[in-house]
Amino acid sequence: MANFLFIGGLGLMELLILLIPLAIWGYAVLEIITGTFKDSIDKVVWLLVVLLVPFFGLLLYYLIGRRKLAN
């Protein structure tokens, strides 16, 4: 009965550990693409930072980059 929780040798916890950061990263990329920044070049710069430096770029975007979004 519990065999459905194992997909490709990964259990439910392993899948959550992999999928939650991926979902946060995807949300950040979507937010950058659809967002309006104060300067037009900021969108390109933040997109490159998040895509090329996955963990630290995401951390920097959530700490610094979200403040640069135009309200």
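What counts and how
- Residues numbered from 1 in each chain as written.
- Predicted model: local features only at pLDDT ≥ 70, side-chain atom pairs only at ≥ 80, totals over all residues.
- Heavy atoms only, no water.
- Core = buried A, V, L, I, M, F, W, Y, C linked by side-chain atoms within 4.5 Å.
- Buried < 20%, exposed > 50% of the residue type's maximum accessible area, 1.4 Å probe, protein only.
- Helix = DSSP H or I, 4+ residues; strand = E, 2+ residues; numbered from the N terminus.
- Contact = heavy atoms within 4.5 Å.
- Phe/Tyr/Trp six-rings, centres within 6.5 Å; stacked < 30°, edge-to-face > 60°.
- Salt bridge = Lys/Arg side-chain N within 4 Å of Asp/Glu carboxyl O.
- pLDDT = per-residue confidence, 0-100.
- Arc of directions from axis to C-beta.

Chemist: Looking at this structure, I do not really get the nonpolar core. What am I missing?
Modeler: The nonpolar side chains of a soluble globular protein tend to be buried, and buried together. Counting residues in hydrophobic clusters, the biggest one holds nine residues: Ala-28, Val-29, Ile-32, Phe-37, Trp-46, Val-50, Leu-58, Tyr-61 and Leu-69. Secondary-structure elements contributing two or more residues to this core are helix 1 (12–34), helix 2 (40–52) and helix 3 (54–63). Considering every element that reaches this core, the biggest residue donor is helix 1, with three residues. Each residue touching Ala-28, except ones within four places of it in the same chain, is listed here: Leu-58, Tyr-61 and Tyr-62.

Chemist: How do you make sense of the packing of aromatic side chains when you look at a structure like this?
Modeler: On inspection of all chains with the given rule, the structure shows three aromatic pairs. Between Trp-46 and Tyr-61, the aromatic rings sit 5.8 Å apart at their centres with planes inclined by 65°, giving edge-to-face as the arrangement. Placement of Trp-46 in helix 2 and of Tyr-61 in helix 3 is noted, with a sequence separation of 15 residues between them. Take Trp-46 and Tyr-61: they sit in the same class, and that class is buried. Assessed through its relative accessible area of 0%, Tyr-61 is described here as buried. An aromatic cluster is present here, built from Trp-46, Tyr-61 and Tyr-62 joined pairwise through their rings.

Chemist: Hey, could you run me through the pattern of salt bridges in this one?
Modeler: One pass over the structure, following the stated rule, counts one salt bridge. Here Glu-31 and Arg-66 are joined by a salt bridge, their closest N and O atoms 3.1 Å apart. Placement of the pair is Glu-31 in helix 1 and Arg-66 in the segment after helix 3, with a sequence separation of 35 residues.

Chemist: Honestly, the environment of Ile-24 in this entry has me stumped. Any pointers?
Modeler: By the secondary structure assignment, Ile-24 is in helix 1. For Ile-24 and Leu-58, which are 34 residues apart along the polypeptide, the C-alpha to C-alpha distance reads 8.6 Å.

Chemist: Sorry if this is basic, but what is going on with the confidence of the model for the protein here?
Modeler: Predicted coordinates in regions of low pLDDT should not be interpreted in detail. Scored by pLDDT, the protein has a mean of 84; 85% of the residues are at 70 or more. Helix 2 holds the highest mean pLDDT among the elements of the protein, 92, whereas helix 1 holds the lowest, 89.

Chemist: Hey, could you run me through helix 3 in this one?
Modeler: Residues that lie three or four places apart on an α-helix share one face, since the helix turns once every 3.6 residues. Among all positions of helix 3, only Gly-57, Leu-58 and Tyr-61 are buried. Take helix 3 and look down its axis: the buried residues cluster within an arc of 100°, on one side only. Among the exposed residues of helix 3, those pointing more than 90 degrees away from its buried face are Phe-55, Phe-56 and Leu-63. Considering only its buried residues, helix 3 is in contact with helix 1 and helix 2.

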